[in-house]
Amino acid sequence: MLTSTQVRHYTEKGYVIPDFRLDENTVQSIRDDHTRFVQKFPQFFDYCGALLVYDLAFLNYARDECILNMVEQLLGPNLALWNSSLFAKPPKVGSKTPWHQDGEYWPIRPLATCSVWIAVDDSTRENGCLRFIPGSHRSKRLSPHHKNDAKGLSLPLELDADQFDESAAVDIELEAGQISLHDVYLMHSSEPNRSYKPRRGMTLRFMPTTSVYCRNLSSGPSARVDRARTLFLMRGVDVSGENDFRLRLPSDF
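Residues numbered from 1 in each chain as written. Predicted model: local features only at pLDDT ≥ 70, side-chain atom pairs only at ≥ 80, totals over all residues. Heavy atoms only, no water.

Novice: Kindly report on the overall build of the protein, identifying the contributing residues and their values.
Specialist: Of the regular secondary structure elements, the protein holds five helices and 15 strands. Taking 2.2 N^0.38 as the reference for a compact globule, 253 residues should give roughly 18 Å; the C-alpha atoms of the protein span a radius of gyration of 17 Å, in line with that estimate. Over its C-alpha atoms, taken along the principal directions, the protein stretches across nearly 45 × 40 × 40 Å. Taken over 253 residues, the protein has a buried fraction of 56%. Here the analysis covers contacts within the protein between residues at least 6 apart in sequence; of these, 83% occur between residues at least 24 apart. Of the roughly 11400 Å² that the protein leaves accessible, carbon and sulfur atoms contribute 51%. (Helix = DSSP H or I, 4+ residues; strand = E, 2+ residues; numbered from the N terminus. Rg over C-alpha atoms; globule rule 2.2 N^0.38 Å. Buried < 20%, exposed > 50% of the residue type's maximum accessible area, 1.4 Å probe, protein only. Contact = heavy atoms within 4.5 Å. Areas by Shrake-Rupley, 256 points an atom, 1.4 Å probe, with all protein chains shown as cover.)

Novice: Which residues make up the pairing of strand β11 (residues 179-183), and what values do they have?
Specialist: Counting buried positions along β11 gives five out of five residues, so the element sits mostly inside the fold. Burial along β11 is two-sided: the residues I179, L181 and D183 and S180 and H182 are all buried. As defined by bridge partners, strand β1 (residues 15-16) adjoins β11 across two bridges and the pair is classed as antiparallel. In the strand pairing of β11, V16 is matched with L181. As paired elements, strand β6 (residues 114-119) and β11 share five bridges and run antiparallel to each other. Within β11, the residue paired with V116 across the bridge is L181. (Pairing = 2+ DSSP bridges.)

Novice: So what's going on with the pattern of salt bridges? Residues and values would help.
Specialist: All chains considered together, the criterion is met by 17 salt bridges. Among the ionic pairs, E175 bridges to R21, the shortest N-O distance being 2.7 Å. Remark: R21 occurs in the loop between β1 and α2 (24-40) and E175 occurs in the loop between β10 (170-172) and β11; sequence separation between them is 154 residues. The class of E175 is partly exposed, set by a relative accessible area of 41%. Between K140 and D183 there is a salt bridge, and its shortest N-O distance comes to 3.3 Å. Of this pair, K140 sits in the loop between β7 (130-132) and β8 (145-147) while D183 sits in strand β11; the two residues are 43 residues apart in sequence, bridging distant segments of the chain. Linked by salt bridges that have partners in common, R125, R131, E166, D171 and E173 make up one network. (Salt bridge = Lys/Arg side-chain N within 4 Å of Asp/Glu carboxyl O.)

The structure is reproduced here in C-alpha coordinates:
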(Lines give C-alpha, C1' and ligand atoms only; values in the text may rest on other atoms or scores of the structure.)
Protein backbone atom coordinates (compact mmCIF):
# COMPACT_ATOMS: atom_id res chain seq x y z
CA MET A 1 0.00 0.00 0.00
CA LEU A 2 1.03 3.60 -0.54
CA THR A 3 1.71 5.63 2.59
CA SER A 4 -0.26 8.81 3.23
CA THR A 5 2.89 10.75 2.31
CA GLN A 6 3.12 8.92 -1.01
CA VAL A 7 -0.55 9.52 -1.81
CA ARG A 8 -0.02 13.21 -1.06
CA HIS A 9 3.06 13.25 -3.31
CA TYR A 10 0.99 11.80 -6.16
CA THR A 11 -1.72 14.39 -5.59
CA GLU A 12 0.71 17.31 -5.47
CA LYS A 13 3.42 16.22 -7.92
CA GLY A 14 1.43 13.96 -10.26
CA TYR A 15 3.53 10.84 -9.76
CA VAL A 16 4.92 8.54 -7.11
CA ILE A 17 7.55 5.79 -6.85
CA PRO A 18 6.22 3.32 -4.27
CA ASP A 19 8.19 1.05 -1.95
CA PHE A 20 7.47 -1.93 -4.15
CA ARG A 21 9.27 -4.22 -6.56
CA LEU A 22 8.09 -7.11 -8.71
CA ASP A 23 10.00 -10.30 -8.02
CA GLU A 24 12.70 -11.34 -10.46
CA ASN A 25 10.69 -14.30 -11.77
CA THR A 26 7.86 -11.96 -12.81
CA VAL A 27 10.26 -9.49 -14.41
CA GLN A 28 11.94 -12.29 -16.35
CA SER A 29 8.52 -13.56 -17.43
CA ILE A 30 7.73 -10.11 -18.89
CA ARG A 31 11.06 -10.16 -20.75
CA ASP A 32 10.34 -13.62 -22.12
CA ASP A 33 6.83 -12.62 -23.18
CA HIS A 34 8.25 -9.54 -24.89
CA THR A 35 10.84 -11.61 -26.77
CA ARG A 36 8.10 -13.96 -27.94
CA PHE A 37 5.87 -11.02 -28.87
CA VAL A 38 8.53 -9.32 -31.00
CA GLN A 39 9.31 -12.58 -32.77
CA LYS A 40 5.66 -12.77 -33.77
CA PHE A 41 5.24 -9.03 -34.46
CA PRO A 42 8.68 -7.70 -35.48
CA GLN A 43 7.19 -4.34 -36.45
CA PHE A 44 6.87 -3.63 -32.71
CA PHE A 45 10.56 -4.18 -31.87
CA ASP A 46 10.79 -0.64 -30.42
CA TYR A 47 7.28 0.25 -29.28
CA CYS A 48 3.79 -1.24 -29.08
CA GLY A 49 1.04 1.02 -27.84
CA ALA A 50 -1.68 -1.63 -27.68
CA LEU A 51 -0.25 -4.89 -26.35
CA LEU A 52 -3.58 -6.37 -25.32
CA VAL A 53 -5.02 -5.92 -28.80
CA TYR A 54 -2.43 -8.39 -30.08
CA ASP A 55 -1.58 -10.60 -27.10
CA LEU A 56 -3.72 -11.14 -24.00
CA ALA A 57 -0.86 -12.86 -22.14
CA PHE A 58 0.22 -9.44 -20.86
CA LEU A 59 -3.09 -9.13 -19.01
CA ASN A 60 -1.69 -11.43 -16.30
CA TYR A 61 0.63 -8.69 -15.00
CA ALA A 62 -2.28 -6.31 -14.40
CA ARG A 63 -3.79 -8.76 -11.92
CA ASP A 64 -1.06 -8.17 -9.31
CA GLU A 65 -2.95 -7.46 -6.08
CA CYS A 66 -0.31 -5.05 -4.74
CA ILE A 67 -0.48 -2.94 -7.89
CA LEU A 68 -4.28 -2.96 -7.84
CA ASN A 69 -4.29 -1.92 -4.17
CA MET A 70 -2.10 1.10 -4.91
CA VAL A 71 -4.14 2.15 -7.94
CA GLU A 72 -7.32 1.83 -5.89
CA GLN A 73 -5.88 4.25 -3.33
CA LEU A 74 -5.49 6.81 -6.11
CA LEU A 75 -8.57 6.22 -8.28
CA GLY A 76 -11.10 4.59 -5.98
CA PRO A 77 -12.54 1.06 -5.72
CA ASN A 78 -14.05 0.73 -9.21
CA LEU A 79 -11.25 0.14 -11.72
CA ALA A 80 -10.95 -0.83 -15.36
CA LEU A 81 -7.80 -1.69 -17.26
CA TRP A 82 -8.10 -0.25 -20.74
CA ASN A 83 -4.58 -0.59 -22.15
CA SER A 84 -1.04 -1.90 -21.78
CA SER A 85 1.95 -0.68 -23.78
CA LEU A 86 5.60 -1.64 -24.09
CA PHE A 87 8.34 0.88 -24.80
CA ALA A 88 11.34 -1.25 -25.70
CA LYS A 89 14.16 1.24 -26.46
CA PRO A 90 16.77 -1.26 -27.74
CA PRO A 91 20.44 -0.33 -27.21
CA LYS A 92 21.58 2.50 -29.49
CA VAL A 93 18.21 2.30 -31.29
CA GLY A 94 15.49 3.29 -28.84
CA SER A 95 13.39 6.26 -29.89
CA LYS A 96 12.90 9.55 -28.12
CA THR A 97 9.47 10.24 -26.62
CA PRO A 98 8.66 13.95 -26.97
CA TRP A 99 7.17 16.02 -24.17
CA HIS A 100 3.45 15.30 -24.03
CA GLN A 101 0.43 14.60 -21.85
CA ASP A 102 -1.04 11.12 -22.23
CA GLY A 103 -4.59 12.42 -22.26
CA GLU A 104 -4.00 14.15 -25.60
CA TYR A 105 -4.28 10.70 -27.22
CA TRP A 106 -7.02 8.98 -25.26
CA PRO A 107 -10.83 8.91 -25.85
CA ILE A 108 -11.80 8.80 -22.18
CA ARG A 109 -14.47 11.11 -20.74
CA PRO A 110 -14.17 12.50 -18.19
CA LEU A 111 -10.42 12.16 -18.71
CA ALA A 112 -8.90 10.11 -15.89
CA THR A 113 -6.18 7.46 -15.85
CA CYS A 114 -3.38 6.28 -13.59
CA SER A 115 -0.50 4.80 -15.58
CA VAL A 116 1.63 2.16 -13.87
CA TRP A 117 5.09 2.12 -15.46
CA ILE A 118 7.05 -1.10 -14.82
CA ALA A 119 10.83 -1.10 -15.28
CA VAL A 120 11.55 -4.35 -17.14
CA ASP A 121 15.24 -3.40 -17.23
CA ASP A 122 17.14 -0.86 -15.16
CA SER A 123 15.97 2.56 -16.36
CA THR A 124 18.65 5.27 -16.15
CA ARG A 125 19.53 8.65 -17.61
CA GLU A 126 21.95 6.90 -19.96
CA ASN A 127 19.36 4.60 -21.52
CA GLY A 128 16.41 6.98 -21.64
CA CYS A 129 14.47 6.92 -18.35
CA LEU A 130 11.18 8.75 -17.93
CA ARG A 131 11.30 12.49 -17.22
CA PHE A 132 8.45 14.28 -15.41
CA ILE A 133 7.53 17.94 -14.85
CA PRO A 134 6.32 17.75 -11.22
CA GLY A 135 2.97 19.40 -10.60
CA SER A 136 2.21 19.92 -14.30
CA HIS A 137 -1.01 17.91 -13.88
CA ARG A 138 -2.64 20.21 -11.34
CA SER A 139 -4.57 22.39 -13.79
CA LYS A 140 -6.41 19.25 -14.97
CA ARG A 141 -6.35 20.49 -18.54
CA LEU A 142 -4.61 19.50 -21.75
CA SER A 143 -2.11 22.06 -23.00
CA PRO A 144 -1.58 22.76 -26.73
CA HIS A 145 0.31 20.07 -28.68
CA HIS A 146 1.56 20.13 -32.25
CA LYS A 147 2.35 17.36 -34.70
CA ASN A 148 6.03 16.43 -35.03
CA ASP A 149 6.88 14.07 -37.89
CA ALA A 150 10.63 14.02 -37.20
CA LYS A 151 12.34 10.66 -37.39
CA GLY A 152 13.29 8.84 -34.21
CA LEU A 153 10.19 9.78 -32.21
CA SER A 154 7.95 7.16 -30.62
CA LEU A 155 4.89 9.48 -30.59
CA PRO A 156 3.69 12.03 -33.17
CA LEU A 157 2.39 14.80 -30.88
CA GLU A 158 4.54 17.17 -28.86
CA LEU A 159 3.75 19.85 -26.31
CA ASP A 160 4.29 23.41 -27.49
CA ALA A 161 7.58 24.60 -26.01
CA ASP A 162 6.00 27.53 -24.17
CA GLN A 163 3.75 25.20 -22.15
CA PHE A 164 6.41 23.87 -19.75
CA ASP A 165 9.81 24.58 -18.21
CA GLU A 166 12.16 21.72 -19.05
CA SER A 167 14.64 22.88 -16.41
CA ALA A 168 12.11 21.71 -13.80
CA ALA A 169 12.17 18.11 -15.11
CA VAL A 170 13.10 15.22 -12.83
CA ASP A 171 14.62 11.97 -14.09
CA ILE A 172 12.81 8.84 -12.88
CA GLU A 173 15.58 6.27 -12.54
CA LEU A 174 14.30 2.82 -11.59
CA GLU A 175 15.85 -0.58 -11.06
CA ALA A 176 14.33 -3.56 -12.85
CA GLY A 177 11.09 -4.52 -11.11
CA GLN A 178 10.42 -1.10 -9.63
CA ILE A 179 7.39 0.89 -10.75
CA SER A 180 6.19 4.45 -10.94
CA LEU A 181 2.62 5.72 -11.15
CA HIS A 182 1.63 8.93 -12.91
CA ASP A 183 -1.44 11.02 -13.66
CA VAL A 184 -3.04 11.36 -17.10
CA TYR A 185 -2.33 15.12 -17.21
CA LEU A 186 1.33 14.96 -16.12
CA MET A 187 3.81 16.33 -18.67
CA HIS A 188 6.55 13.82 -19.40
CA SER A 189 9.07 12.57 -21.95
CA SER A 190 12.13 10.36 -22.35
CA GLU A 191 15.40 10.67 -24.24
CA PRO A 192 16.62 8.08 -26.77
CA ASN A 193 18.67 5.14 -25.59
CA ARG A 194 22.28 5.95 -26.48
CA SER A 195 23.71 3.23 -24.24
CA TYR A 196 24.52 -0.42 -24.91
CA LYS A 197 21.86 -1.59 -22.43
CA PRO A 198 18.16 -2.17 -23.22
CA ARG A 199 15.50 -0.05 -21.53
CA ARG A 200 12.22 -1.86 -21.65
CA GLY A 201 9.26 -0.41 -19.80
CA MET A 202 5.72 -1.78 -19.70
CA THR A 203 2.68 0.31 -18.80
CA LEU A 204 -0.68 -0.65 -17.34
CA ARG A 205 -3.39 1.96 -17.86
CA PHE A 206 -6.22 2.06 -15.31
CA MET A 207 -9.25 4.33 -15.28
CA PRO A 208 -12.04 4.75 -12.71
CA THR A 209 -15.32 3.40 -14.05
CA THR A 210 -16.94 6.77 -13.41
CA SER A 211 -15.24 7.49 -16.78
CA VAL A 212 -16.24 6.04 -20.15
CA TYR A 213 -13.96 4.76 -22.91
CA CYS A 214 -15.58 6.54 -25.88
CA ARG A 215 -14.53 4.61 -28.98
CA ASN A 216 -16.51 6.95 -31.24
CA LEU A 217 -14.29 9.93 -30.35
CA SER A 218 -11.28 8.53 -32.22
CA SER A 219 -10.50 9.22 -35.85
CA GLY A 220 -7.82 8.22 -38.34
CA PRO A 221 -5.53 5.21 -37.71
CA SER A 222 -6.09 5.32 -33.94
CA ALA A 223 -9.83 4.70 -34.38
CA ARG A 224 -9.19 1.17 -35.63
CA VAL A 225 -7.06 0.38 -32.60
CA ASP A 226 -9.55 1.94 -30.18
CA ARG A 227 -12.37 -0.15 -31.62
CA ALA A 228 -10.23 -3.27 -31.11
CA ARG A 229 -9.41 -2.65 -27.44
CA THR A 230 -11.01 -4.79 -24.76
CA LEU A 231 -11.73 -3.11 -21.43
CA PHE A 232 -11.26 -5.30 -18.36
CA LEU A 233 -13.12 -4.65 -15.13
CA MET A 234 -10.44 -5.28 -12.50
CA ARG A 235 -12.30 -4.26 -9.35
CA GLY A 236 -15.77 -3.12 -8.34
CA VAL A 237 -18.50 -2.26 -10.82
CA ASP A 238 -18.97 -0.10 -13.90
CA VAL A 239 -20.32 3.01 -12.18
CA SER A 240 -21.03 4.77 -15.49
CA GLY A 241 -23.04 1.84 -16.84
CA GLU A 242 -21.77 2.80 -20.31
CA ASN A 243 -18.47 0.98 -20.73
CA ASP A 244 -18.27 -1.89 -23.21
CA PHE A 245 -16.42 -4.87 -21.73
CA ARG A 246 -17.09 -7.33 -24.56
CA LEU A 247 -14.02 -9.41 -25.36
CA ARG A 248 -12.30 -8.46 -28.59
CA LEU A 249 -9.84 -11.03 -29.93
CA PRO A 250 -6.69 -10.24 -31.94
CA SER A 251 -8.31 -12.01 -34.89
CA ASP A 252 -11.02 -9.31 -34.85
CA PHE A 253 -8.49 -6.55 -35.42
